[in-house]
Amino acid sequence: MNPLQTFETAWARCDQLSALHAYLAANVTSVLQPDEILRAEWAARVSALDLYVHELVAQRLGEIFAGTRPSVSGFAKFQIDAAGLLALKQNPATFQNHIDLEVRSKLERRTFQYPVDIADGIRCISDVELWNSVALADGATEQTKVSHAKTIKSQLTQIVNRRNKIVHEADLQPVVPRVPWPISTSDVLTVRTFVEKTVKAIDTVVI
């Protein structure tokens with residue numbers, strides 16, 4: 001599957017969480033707390049973004065190593081262990097499989113959620129000015145692209161920050177007693193719309 005297809009597969013699983021929440025909210029008693037499903041969906045949608053960028057970077061790096069895609073300036077900064085290079089030299093017939101495993105081994109230690117991390121990953125495979133280009137794809141003009149890019153990056157940062165609160169802090173407020181931050185269907189719908197639009201814009205500008 002290409003990166004966008006991989007994203008769409010994960011995205012469909014997120015949609016199942018959305019449908020499950022809608023059903024439970026309409027059909028179960030207040031004893032249950034279906035809002036926890038909204039938190040799971042929030043985290044899952046950010047995970048789908050992360051997965052998409054991982055796949056995009058991994059597949060494009062593999063193409064550059066194979067010589068089927070032109071190299072870019074940031075490619076030289078991607079490092080492979082000497083042991084990995086030796087293994088590639090000793091097994092030229094399985095070059096592509098080895099390079100794919102080596103690339104993915106390196107990338108699995110990274111996350112691509114915050115704007116700066118996503119841009120760092122994209123620089124390994126493309127010379128595009130990522131967030132300015134995403135802003136243009138989102139309707140900005142040459143005159144407004146920088147400010148619009150800042151808005152996009154700020155919104156993504158807020159979404160990832162909340163994801164981290166959900167995943168690492170049980171989404172609890174720093175008060176006594178510890179109670180969860182409020183969350184609503186409209187909050188998660190905003191995340192859904194924004195992440196999907198951002199992924200499709202990246203897929204358009206990173207050629």
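Residues numbered from 1 in each chain as written. Predicted model: local features only at pLDDT ≥ 70, side-chain atom pairs only at ≥ 80, totals over all residues. Heavy atoms only, no water.

**Regarding the pattern of salt bridges**
Thinking step 1. Under the defined criterion, the tally for this structure stands at 13 salt bridges.
Thinking step 2. One salt bridge in this structure joins R104 and E55, with 2.8 Å as the shortest N-O distance. Taken together, the residues R104 in helix α4 (residues 95-107) and E55 in helix α2 (residues 35-66) connect sequence positions 49 residues apart.
Thinking step 3. E55 gets classed as buried once you look at its relative accessible area, which sits at 12%.
Thinking step 4. Salt-bridge contacts for D171 lead to R162; the nearest nitrogen and oxygen are separated by 2.8 Å. The same class applies to D171 as to R162, namely buried.
Thinking step 5. The network of salt bridges with common partners includes D15, E41, R45 and R192. (Salt bridge = Lys/Arg side-chain N within 4 Å of Asp/Glu carboxyl O. Helix = DSSP H or I, 4+ residues; strand = E, 2+ residues; numbered from the N terminus. Buried < 20%, exposed > 50% of the residue type's maximum accessible area, 1.4 Å probe, protein only.)

**Structural notes on the side chain of N132**
Thinking step 1. Considering the arrangement of structural elements, one finds N132 in helix α6 (residues 130-137).
Thinking step 2. Overall, N132 belongs to the buried group, its relative accessible area being 18%.
Thinking step 3. Only 3.3 Å separates the side chain of N132 from the side chain of E129, close enough to count as a polar contact. (Polar contact = N/O pair within 3.5 Å; in protein donor to acceptor, adjacent residues only side chain to side chain.)

**Focus on the nonpolar core**
Thinking step 1. Counting residues in each nonpolar core, the largest one holds 50 residues, and the members touching the most others are I118, L130, W131 and I202.
Thinking step 2. At the level of secondary structure, the elements contributing two or more residues to this core comprise α1 (3-27), α2, α4, α5 (115-123), α6, α7 (145-169) and α8 (185-205).
Thinking step 3. Broken down by element, the residue count for this core peaks at 12 residues, all from α2.
Thinking step 4. With sequence-adjacent residues up to four places away left out, I202 is seen in contact with Y52, L56, I118, L130, W131 and V134. (Core = buried A, V, L, I, M, F, W, Y, C linked by side-chain atoms within 4.5 Å. Contact = heavy atoms within 4.5 Å.)

**Regarding α4**
Thinking step 1. Given a rise of 1.5 Å per residue, 13 residues ought to cover 18 Å, and the 18 Å separating the end C-alpha atoms of α4 matches this to within 8%.
Thinking step 2. Inspection of α4 places I99, E102, V103, K106 and L107 among the buried residues, and these make up the whole buried set. Down the axis of α4, the buried set is contained in an arc of 130°. They therefore lie on one face. Of the exposed residues in α4, the ones pointing more than 90 degrees away from its buried face are N97 and L101. (Expected span 1.5 Å × (residues − 1). Arc of directions from axis to C-beta.)

**Remarks on the packing of aromatic side chains**
Thinking step 1. Under the criterion given, the structure shown has three aromatic pairs.
Thinking step 2. Centroid distance F65 to F75: 4.9 Å. Interplanar angle 70°. Geometry classified as edge-to-face. Taken as a pair, F65 in helix α2 and F75 in the loop between α2 and α3 (82-90) lie far apart in primary sequence, 10 residues in all.
Thinking step 3. With relative accessibility at 17%, the residue F75 sits in the buried group.
Thinking step 4. In this structure, R45 packs its charged tip against the face of W11, placed 4.4 Å from the ring centre. (Phe/Tyr/Trp six-rings, centres within 6.5 Å; stacked < 30°, edge-to-face > 60°. Lys NZ or Arg CZ within 6 Å of the ring centre and 35° of its normal.)

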